[in-house]
Each structure stands twice: as structure tokens, then as C-alpha cells.
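The chain contents come next:
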Amino acid sequence: MSRRMVHDTARLHALLGGLVLLLAGCVARTPVGPPWVEVDGPWEHRFVDLPDRVDGGPLRMHYVVAGPEDGDVVVLVHGFPDIGYGWRSVLPLLATDHRVYAPDLRGYGGTDRPATGYAFTEIVADLAAFLQAAPAADGREGPVHLVGHDWGAATSWGLAMTQPELLRTLTVLSVPHPQAWADTLAEDKKQRRRASYQTSFAKPSFAKLLAGLGAGQVAGVYRSELVHKDALSPADAQVYSDAFCALEDWDPPLRYYRERLANAESDAAAVAAAPPVAVPTLVLWGAQDGFLFAENAGRSCTYVGSDCAVTVIEDAGHFMHWEVADAIVARWRTFTKDAP
């Protein structure tokens, strides 16, 4: 094993092991700041009911919206552990001339947290419903520009594979096409070791360990994966500490990992049978991503049957939209301008 591989493995184990030890002494606490659904910013807070999304009933989804109502529609989808607030730097840059929506996914933030519906196909269906319902509240319809990070990127890939007619363009941050990911895991031992954290996240006991994480501890975990440490201000850290405070805040997001593990075989079969993505696609990656290596980025275009471009940004990590929002938006504007 090379020195770099030893370092990478030790880094992951230290992060997870250190987190567990850190949490062992945590005590129950209450949020300090306002709930995320009341946090001020260059946006308006809204809710929309997605019909037939919970046992035949509606799923009430929280989102923020900004920008001119007649602007082209852009939807920003967060990952784990994040909320719509994760787009705090990207949203205002796009909202100068676009209508921008940033939802909280099922189980996160101000969105409902039902006991079921966390399988990959279900969260893809949630996103499809949101892409139609939220713009419709503004009298808008038609395909949208979709941008996703982490789990939001994985869900966006799923939607592009199954309902491309809903999209004008697809932009994914930090997550490859699911078949490209399967290819990498089959060939790259180093990436398999680094991705082992997902198995830990799938354990039901992990949510209990995360519950009660203090504001300073939240900031420490996030900043450990940031190249630009100031991308998470003290005020930002408080928002996240309050949004991920108790067991009921952590357990639903971690269900995504449990369901993905439980349905791995059927999900893989569906991906293998899917046609190439028929949407112009931009893949963005931080070169210093400590979890999903940038080598994953280029593989994705193999499974895209439309225009596909890859950009790796050297001074960014996994949370690249927190760190280099200007660079991301500039590249996105160039790509979407030239895309058919």
C-alpha cells in the first residue's frame, strides 16, 4: 500500500472515529437560532403540497425562491447533510436573471418527514413532482435547468435517466452517473475504501450518535472537508446546528443510505437497463474532494447521449458550491448558453 493510500484510509477512519468519540459526550440541546424556514436571506420561503407522495396523501415540501418570475427556471437540489440553505452563495448569483428554486428534500429541514418513501425511486418521484408543482405556483410550466449536489446530484441523475422531458439541462456536482460510479467501484480499491463511510451511515445506530451535535462540532465536521474554511461562517454553522439538532433531524436523511443499501440489486439493474441521458449535461467536481475522487467525473459522459462537459476545479472540495460559487455559476452560464 502506498503512502498516499495509507493517508487516505487513515483520514477517513479518523474522521468517522473522531466523530463517534466526539458525540459520545454530547447532551440533548435546543436550537439557538430561528428555524431554517424563518432564516432571512435573498429569497422567499414557501411551501408546496406534492399530491400522492405519502400513502396517497400530499408531501408538504419547503423551498426558497428568488429571481424574476419571467426568468428561465433553475432548480437547485441539496445533498447530505444539507438543506436548501446550502445554495446560499449560488442562488443570488443565478437569481439576477433566473427564477431559482431550492427545496428541502423529503425528511430534511422544513419538508415533511414521513416514516416511508426514502427509496431512490421515491425521492426521484418527489423531485419530478416538485419540478412541476413549484413553478406552477408562479404560473410557469415546461422543462427546467436542474442542478444537484451529492444526494441531490444522484437524484438528478435518476430523473434525467427516467424523465428527461422535464429538463432543459442537467448539472451535477460531486457525484457521477450511477453506472459510472458502479464502474469505478468495481475497478478502484482506493475509491471502495473511501466510500465505506456509506455503510456506516446506513446503520440505524448512527443517527443516535449524530443527535445532539453542538454548533462548534457541526462546524468542525464540515470544515474538515472544506478547502476554504471561511466558506462556513459562524452564522452558517448555527443554521446547520439548528437544522440537524435532534434524532428526528438526522434519522430521515440517513434513511436514504439504508434504502439504497437495501435496494442495491434492483437499483443497479434499473441503472444498467436505462438509456443514455438525453439531456445536455455538465459535470462539476472539486479536485480536493475527500470522499468521491475527481477521477469519477470524466466517466459520466460515457453514459450521456447529449452534449456533455466536465470541469474539475482545483481549489475546491466536496462542498464546492459553498467554496467557489462564482466559478460554478460562471461555468454553468457558459455551458447553458451554448447547450442546444
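Rules of the game
- Residues numbered from 1 in each chain as written.
- Predicted model: local features only at pLDDT ≥ 70, side-chain atom pairs only at ≥ 80, totals over all residues.
- Heavy atoms only, no water.
- Salt bridge = Lys/Arg side-chain N within 4 Å of Asp/Glu carboxyl O.
- Helix = DSSP H or I, 4+ residues; strand = E, 2+ residues; numbered from the N terminus.
- Phe/Tyr/Trp six-rings, centres within 6.5 Å; stacked < 30°, edge-to-face > 60°.
- Buried < 20%, exposed > 50% of the residue type's maximum accessible area, 1.4 Å probe, protein only.
- Lys NZ or Arg CZ within 6 Å of the ring centre and 35° of its normal.
- Core = buried A, V, L, I, M, F, W, Y, C linked by side-chain atoms within 4.5 Å.
- Contact = heavy atoms within 4.5 Å.
- Pairing = 2+ DSSP bridges.
- Axes fitted to C-alpha atoms, helices over the stretch in contact; angles between N-to-C directions.
- Disulfide = S-S within 2.5 Å.

**Quick look at the pattern of salt bridges**
Here is step 1 of the chain: Inspection of every chain in the model, using the stated rule, returns 15 salt bridges.
Here is step 2 of the chain: In this structure, the salt-bridge partner of Arg46 is Glu44, at a minimum N-O distance of 3.1 Å.
Here is step 3 of the chain: Across the pair Asp126 and Arg53 runs a salt bridge, and its minimum N-O distance is 2.8 Å. Of the two residues, Asp126 is situated in helix 3 (residues 120-136) and Arg53 in strand 1 (residues 44-54); the sequence distance between them amounts to 73 residues.
Here is step 4 of the chain: Connected through shared salt-bridge partners, Glu44, Arg46, Glu69, Arg99 and Asp138 make up one network.

**As for the packing of aromatic side chains**
Two descriptors summarise a pair of aromatic rings, namely the distance from one centre to the other and the angle between the planes of the rings.
Here is step 1 of the chain: Counted according to the given criterion, the structure contains 20 aromatic pairs.
Here is step 2 of the chain: Residues Trp36 and Trp43 carry aromatic rings whose centres are separated by 5.7 Å and whose planes lie at 80 degrees to one another, so their mutual orientation is edge-to-face.
Here is step 3 of the chain: Given the relative accessible area of 6%, Trp36 is considered buried.
Here is step 4 of the chain: Pairing Phe80 with Tyr257 gives two aromatic rings, centres 5.4 Å apart and planes at 80 degrees, and the pair type is edge-to-face. One end of the pair, Phe80, is in the loop between strand 3 (72-77) and helix 2 (90-94); the other, Tyr257, is in helix 11 (residues 247-262), and 177 residues separate them in sequence. Tyr257 carries the same exposure label as Phe80, and that label is buried.
Here is step 5 of the chain: In this structure an aromatic cluster arises from ring pairing among Phe80, Tyr108, Tyr118, Phe120, Trp151, Phe244, Trp250, Tyr256 and Tyr257.
Here is step 6 of the chain: Lying over the aromatic face of Phe47, Arg60 brings its terminal NZ or CZ to 3.8 Å of the ring centre.
Here is step 7 of the chain: One cation-aromatic arrangement involves Arg260 over Phe120; the distance from NZ or CZ to the ring centre is 4.3 Å.

**A few points about the nonpolar core**
Here is step 1 of the chain: Residues Leu76, Phe130 and Leu131 are the most contacted members of the largest nonpolar core, which totals 102 residues.
Here is step 2 of the chain: The leading source of residues in this core is helix 3, at 9 residues.
Here is step 3 of the chain: Setting aside anything within four residues of it in sequence, one finds Phe130 in contact with Val48, Leu50, Met61, Tyr63, Val75, Tyr101, Pro103 and Pro135.

**Quick word on the sheet that holds strand 6 (residues 167-173)**
Here is step 1 of the chain: In spatial order, the strands read 1-2-4-3-5-6-7-8; together these 8 strands make up an open sheet with mixed pairing. The outermost strands of the open sheet, each flanked by one partner alone, are strand 1 and strand 8 (308-313). Taking the axes of each pair of neighbouring strands and ignoring which way they run, one obtains an average angle of 20 degrees across the sheet.
Here is step 2 of the chain: Sheet topology places strand 3 next to strand 4 (residues 98-103); 4 bridges connect them, and they run parallel.

**Side note on the state of the cysteines**
Between two cysteines, a covalent bond joining their sulfur atoms is known as a disulfide.
Here is step 1 of the chain: Counted according to the given criterion, the structure contains 1 disulfide.
Here is step 2 of the chain: Paired by a disulfide, Cys301 and Cys308 hold their sulfur atoms 2.0 Å apart. Its S-S torsion of about -75 degrees marks the bond between Cys301 and Cys308 as left-handed, since a negative value means left-handed.
Here is step 3 of the chain: Residue Cys308 is classed as partly exposed on the basis of its relative accessible area of 26%.

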